[in-house]
Amino acid sequence: MGQKESGVPIGVSINYYGDPYFDGEPIPTISFGSNPIVRCKDCRAYVNPFIRFTDGGTRWICNFCSCFNNVDNYYYSPLTSGVRNDIEERKELQYGSVDYVASADYMNRPPMAPTFLFVFDVSKNALDTGYLPIVTASILKAIEANAVPGGDRTVVGFLTYDDKVHYYNLKSTLKQPQMIVNTDDDPDFLPLPEDLMVNLADSKELITELLNQLPVMFSDSTEYDTNLDHVVKSIGILTKVTGAKVFLFESSPISSKFPHLQVTQKPGVKDRPELIKSTASLFKNYAVELSHYYVSIDQFVLSGHNTFKNTATLSDLSRYTNGRFYYYPKFNSYLHGINFDQEFYTAFTCKSAWEAVGRIRVSGGYRQISTLGNYLVKARTNDLLSLPVCDEHRIV
């Protein structure tokens, strides 16, 4: 019975990369070797327990679109009472959830190393919140506990910013970290590109030293302005080759050099519905470009007392890159530090899949009206979701 007959709209919450165990059993892994994964020629649905085989096993009927599909020789099996003789060997015909081993046809490029980029606001306003020692200690804790996803392949990088953007050379042959400051207001400036994103295992000592230094390195800062516009451009330049999961921390007003990005003043009561609307398309445009690079941004926005943040506009960076947006109004490290630490640590260490896409297919009689969540619909499609980093907690 379809929706027209039932009159009941249906919503489904999908956790693409959730717990891989069901009733104590791992989700089966299916490999077709060098042969193509069996899919419907019309709607492209995968074979599943609800398809029907006919004509002695030489054809099968799609349960989504009712299309008749021929069975290739490598997948053929005779039928007994309408059931394949090899049904016990075909987990994809027994389980609703399976993992297919993807062939090269499903990849735009070879798998990249899991990459993390940490971007810290080190302006006076941000440092006064006390957030920086909390987050650097949390990263160190994850490193020491070997809780960082990716193992020996993991790549990390660090940026800090106030009115300028600061890069860090962490090449393993150095004796100590090197900070390089972009003083030219040129977002396309990228010093030593091969040394800014480094293997975590190879440069572990330098990374540890940097994280211990950062909370005191800017302790005497008197710079209140920030240059978030250039920071986002720097993120794209650093990560467009490999993709990345980015953690962006922001607390201060956006640079006065970019008045179109200034934080909206707190409106009157009758105008407050406008707060849920983005007031500029700039961050959305950046986010769409970053999503094409397989970059996902988790934002941690902290505001001080009596400070209003234009969260609707800022959150575009996360909304269109399959990221998360954390907002801490009136942040106080003593009151909110534990919660802040736990949320960041969970986001950093959770099990993740990289460079993913997602599509929801429905049976005849139903129509997908909308999809809710942080994602970007890929160009030239109307339902293929771009999920640059899909972790175990993300739901659409």
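Just so we're clear, the structure is a prediction, and the values are computed from it rather than from any experiment.

Colleague: I keep staring at the overall build of the protein and nothing clicks. Help me out?
Modeller: Helix and strand counts for the protein come out as 10 helices and 20 strands. Across the 396 residues that make up the protein, the buried fraction comes to 45%. Contacts spanning at least 24 positions in sequence make up 74% of the contacts within the protein whose residues lie at least 6 apart.

Colleague: Got a minute to help me understand the pattern of salt bridges in this structure?
Modeller: Oppositely charged side chains can form a pair if their charged atoms are brought close together. Per the stated rule, a full pass over the model turns up 12 salt bridges. Of the charged contacts in the structure, one is a salt bridge between Arg-324 and Asp-298, with a shortest N-O distance of 3.9 Å. Of this pair, Arg-324 sits in the loop between α9 (316–319) and β17 (325–328) while Asp-298 sits in strand β16 (residues 295–302), placing them 26 residues apart in sequence. One exposure class covers both Arg-324 and Asp-298, and it is buried. Each of Arg-84, Asp-86, Arg-90 and Glu-92 takes part in a single network of salt bridges with overlapping partners.

Colleague: Explanation requested: the packing of helix α3 (residues 131–144) against helix α10 (residues 333–349) in the structure shown.
Modeller: Geometrically, a packed helix pair is captured by the angle between its two axes and the distance between the axes. Between α3 and α10, the shortest axis-to-axis distance is 9 Å and the interhelical angle comes to 35°. Handedness of the α3/α10 crossing: right-handed. Side by side, α3 and α10 meet where Tyr-131, Ile-134, Val-135, Ser-138, Ile-139, Lys-141 and Ala-142 of the first sit next to Ser-333, Gly-337, Phe-340, Asp-341, Phe-344, Tyr-345, Phe-348 and Thr-349 of the second. The class makeup of the residues in the contact of α3 with α10 is nine nonpolar, four polar and two charged.

Colleague: Is there a simple way to think about the sheet that holds strand β20 (residues 385–391) in this case?
Modeller: Backbone-to-backbone hydrogen bonds join strands into a sheet, with any given pair of strands oriented parallel or antiparallel. Pairing is antiparallel in the open sheet, where three strands are placed in the order β18-β20-β19. Edge strands, defined here as strands with exactly one partner in the open sheet, are β18 (352–358) and β19 (376–377). Here β18 runs beside β20; their pairing, made up of six bridges, is antiparallel. Paired with Ala-356 across the two strands is Leu-387, which belongs to β20.

Procedures and definitions
- Residues numbered from 1 in each chain as written.
- Predicted model: local features only at pLDDT ≥ 70, side-chain atom pairs only at ≥ 80, totals over all residues.
- Heavy atoms only, no water.
- Helix = DSSP H or I, 4+ residues; strand = E, 2+ residues; numbered from the N terminus.
- Buried < 20%, exposed > 50% of the residue type's maximum accessible area, 1.4 Å probe, protein only.
- Contact = heavy atoms within 4.5 Å.
- Salt bridge = Lys/Arg side-chain N within 4 Å of Asp/Glu carboxyl O.
- Axes fitted to C-alpha atoms, helices over the stretch in contact; angles between N-to-C directions.
- Left-handed = near helix turned anticlockwise from the far one by under 90°.
- Nonpolar A, V, L, I, M, F, W, Y, C, P; charged D, E, K, R; others polar.
- Pairing = 2+ DSSP bridges.

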